[in-house]
Amino acid sequence: MNQQQLLEELESRVAFQEDALDKMSEEMAKQGAEIARLTQIIKILHQQVKQIAPDQISAPEDDAPPPHY
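Below or above, wherever it landed, is the structure these notes cover. If you're wondering where the values come from, they're calculated on a predicted model, not measured in any experiment.

Further remarks concern the overall build of the protein chain. Each helix and strand in the protein chain was counted, giving one helix and zero strands. Classification of the 69 residues of the protein chain by burial places 1% in the buried group. Surface summary for the protein chain: the accessible area is close to 6700 Å², and the carbon and sulfur share equals 58%.

This is the structure:
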């Protein structure tokens, strides 16, 4: 393989990697937005549950672990 072919091969690999990084970055941004949206939904649902049955919600540290632990 001569230097020109090697250079073209390396340029091709770099272009492929840049494209892959761009796609991953876009996907991570979408996932971040989705996580933020779902977090907001959970907060809203938690507030609604507290309004419906405030005395039935306990803190996780108040729950005793199952006997097999």
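Together, Met1, Leu6 and Leu10 give the surface a local cluster of nonpolar side chains, amounting to about 340 Å² of exposed area. Within the secondary structure, Leu6 sits in helix H1 (residues 3-52). For Leu6, a relative accessible area of 43% gives the class partly exposed.

Between its terminal C-alpha atoms H1 stretches 73 Å, which fits the 74 Å expected from 50 residues at 1.5 Å a residue. The backbone nitrogen of Gln4 lies 3.1 Å from a side-chain oxygen of the residue at the head of H1, namely Asn2.

Taken as a whole and judged by the stated rule, the model has three salt bridges. Among the salt bridges present, the one from Lys23 reaches Asp19, with a minimum N-O distance of 3.2 Å. Note that Lys23 and Asp19 are positioned in helix H1 at a spacing of four residues, about one turn of the helix. Judged by its relative accessible area of 53%, Lys23 falls in the exposed class.

Rules used in this analysis
Residues numbered from 1 in each chain as written. Predicted model: local features only at pLDDT ≥ 70, side-chain atom pairs only at ≥ 80, totals over all residues. Heavy atoms only, no water. Helix = DSSP H or I, 4+ residues; strand = E, 2+ residues; numbered from the N terminus. Buried < 20%, exposed > 50% of the residue type's maximum accessible area, 1.4 Å probe, protein only. Areas by Shrake-Rupley, 256 points an atom, 1.4 Å probe, with all protein chains shown as cover. Patch = residues over 30% accessible without salt bridge, like charges linked within 9 Å, V, L, I, M, F, W, Y side chains within 5 Å. Salt bridge = Lys/Arg side-chain N within 4 Å of Asp/Glu carboxyl O. Expected span 1.5 Å × (residues − 1). Polar contact = N/O pair within 3.5 Å; in protein donor to acceptor, adjacent residues only side chain to side chain.

So yeah, pure geometry; function would need other evidence.
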